[in-house]
Amino acid sequence: MAQVVAVIASTHHPFYYKASNATGEERPPFADEWVEKVTNFRATLTAADPDVLVMVGSDHFHQLWLDNMPQFLVGKAPFYDANWHNEEREFGLPRMTLAGHEELSAHILRQGIDAGFDLAFSNELRIDHSITCPIITLRPEADLPIVPIYTNIFAPPLPQPHRFVELGRTIRSLVESWESDLKVAIIGTGHLSLELGGPRQFGPTGPDPDFDRRAVEWIAKCDTQNCLEGVSLENLWEPGNATHGFMDFMLMMGAAGDDTPADYVDTLDLFHTMEAYFTWYPGGPPEGAPTRTYEQGAPA
Amino acid sequence: MSKYLLNKFLFTVDRDPELVARYRDEPAELVAWWEDTLANRILGTHTGEDSTWLALADDERRALVEHDYVTLFEMGAHPFLTLTLFIAIYEESHDEPLGFQLEYAEKLAHVTLPHPDIST
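Residues numbered from 1 in each chain as written. Chains lettered and ligands numbered in written order. Predicted model: local features only at pLDDT ≥ 70, side-chain atom pairs only at ≥ 80, totals over all residues. Heavy atoms only, no water.

A. Geometry of the overall build of chain A. Of regular secondary structure, chain A possesses 10 helices and 10 strands. Taking 19 Å as the expected radius of gyration for a compact globule of 300 residues, we find that chain A reaches 18 Å, a close match to that expectation. Judged by the C-alpha coordinates and their principal axes, chain A covers about 50 × 50 × 40 Å. When burial is assessed residue by residue, chain A has 62% of its 300 residues classed as buried. Contacts in chain A between residues far apart in sequence, at least 24 positions, make up 80% of those at least 6 positions apart. For chain A, the accessible surface area stands at approximately 11,100 Å², while carbon and sulfur atoms represent 48% of it. (Helix = DSSP H or I, 4+ residues; strand = E, 2+ residues; numbered from the N terminus. Rg over C-alpha atoms; globule rule 2.2 N^0.38 Å. Buried < 20%, exposed > 50% of the residue type's maximum accessible area, 1.4 Å probe, protein only. Contact = heavy atoms within 4.5 Å. Areas by Shrake-Rupley, 256 points an atom, 1.4 Å probe, with all protein chains shown as cover.)

Set out below in structure tokens:
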């Protein structure tokens, strides 16, 4: 059976690519610290030495639109072109083409539907920065085949938070039941508190640092019970109007396993949002893998 | 009131650099053209298979023509779509990094929770 060698959850900040490549006066003052943190985080995936990446993200009204909106969608295609005109325009993101892994896509679709998730699928999917940002931060070579999985955290009505946790558990179990000798990393990106297009956007910190501290603790300890008791579709608006993206972190908590502490925890308090990086090694940390406890990585 | 149609305007204009430029320079012309040609297009279908029933209300048309993103927010247009398109239109006219985004936040400073319902 396939082996899950790493479960990784992260924020996806579209400005990282531009900030990390900027030089001279263009380079923002926080860029060096950000690059150092991302470089250390990248080593957690490199050490796991995966063959395939399952990538969980959310389309930002690029290919998926209100005339035909799936809640959970799995890509099944030999290739995925990536990034969109408005992401080039606003964030300077490059165009990319990533290989797909159709056999694992087919397995997740068939077995996922049979396990109670009526998954939508796409045979021609152009992916956006929710999936390319972690490629850029964690695997800039972009040399591994992927299975993209999109969730709707964006266009209400949304699935309930517990469905995200359950889908994460299901994805983990489906990968582990795949008859293959390949090593798989499950990577997903979401948000902590975030406001976009509202009065609290682009402040000196994320819109709700208290929520961010609670959220980092829930994730780092994989405390799904308290997390599910603490959030609802109704109250996720309060920390910021785009905070429903936190449900993708909840999906990754489901994939990591209840009450399983992360092997690597790090955060970076940036303008606009808090960055957060987590890695779990289901088989224990591989040799040479960096580790960092919740106490070391939690926000001050 | 149709939040869906407002969102459809923002979505279809934002992804086309020519339409973004026309909306920046000649908003009344662009909005009228859009209502005639794209408002009823089911995206991804042939032109002979348009819908027959979609139309902007007067206050929606006015908000779009006046680039009034505060009113669009209050109407429940999707904040991500509104922000993305108006960054494309106004960011270059501000010298400071994030200058437009912070001005946008300031113009919405009167807004309290709960925000307008964005469900469609």
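B. Representation of the sheet that holds strand β9 (residues 264-269) of chain A. All names here are of chain A. With mixed pairing, the eight strands of this open sheet are ordered in space as β6-β3-β7-β2-β8-β1-β10-β9. Whereas interior strands pair on both sides, the edge strands pair on one side only; in this sheet they are β6 (120-122) and β9. With direction set aside, neighbouring strand axes in the sheet form an average angle of 15°. Two strands pair when backbone bridges link them, and strand β3 (residues 72-75) and β6 are joined in this way by three bridges, in the parallel orientation. Paired with Leu73 across the two strands is Ala120, which belongs to β6. Packed onto the sheet, helix α2 (residues 31-48) meets β1 (3-11), β2 (52-57), β8 (183-190), β9 and β10 (274-280) and runs at close to 160° relative to β9. Here helix α9 (residues 246-256) sits on the sheet in contact with β1, β2, β7 (146-151), β8 and β10, set at roughly 155° to β1. (Pairing = 2+ DSSP bridges. Axes fitted to C-alpha atoms, helices over the stretch in contact; angles between N-to-C directions.)

C. Structural detail: the interface of chain A and chain B. Contact with chain A, which involves 26 residues of that partner, is made by 32 residues of chain B. A buried area of about 2,600 Å², summed over both sides, lies between chain A and chain B, and 67% of it is on carbon and sulfur atoms. Scanning the region where chain A abuts chain B turns up one salt bridge. Here Arg89(A) and Asp14(B) are joined by a salt bridge, their closest N and O atoms 2.6 Å apart. Between the two partners, chain A and chain B, sit five residue pairs in polar contact (both at pLDDT 80 or more). Along the lines of polarity and charge, the residues of the side of chain A that touches chain B split into 11 nonpolar, nine polar and six charged. (Buried area = accessible area lost by both parts, 1.4 Å probe. Salt bridge = Lys/Arg side-chain N within 4 Å of Asp/Glu carboxyl O. Polar contact = N/O pair within 3.5 Å; in protein donor to acceptor, adjacent residues only side chain to side chain. Nonpolar A, V, L, I, M, F, W, Y, C, P; charged D, E, K, R; others polar.)

D. Focus on the packing of aromatic side chains. Per the counting criterion, the structure on display carries 28 aromatic pairs over all chains. With a centroid separation of 5.7 Å and 80° between ring planes, the pair formed by Tyr69(B) and Phe100(B) is classed as edge-to-face. Linking Tyr69(B) in helix α5 (residues 69-75) with Phe100(B) in helix α7 (residues 99-107), this pair joins segments that are 31 residues apart in sequence. Both residues of the pair, Tyr69(B) and Phe100(B), belong to the buried class. Its end group placed over the ring of Trp84(A), Arg126(A) keeps NZ or CZ at 5.8 Å from the ring centre. Against the face of Trp33(B) rests Arg22(B), its NZ or CZ located 4.5 Å from the ring centre. (Phe/Tyr/Trp six-rings, centres within 6.5 Å; stacked < 30°, edge-to-face > 60°. Lys NZ or Arg CZ within 6 Å of the ring centre and 35° of its normal.)

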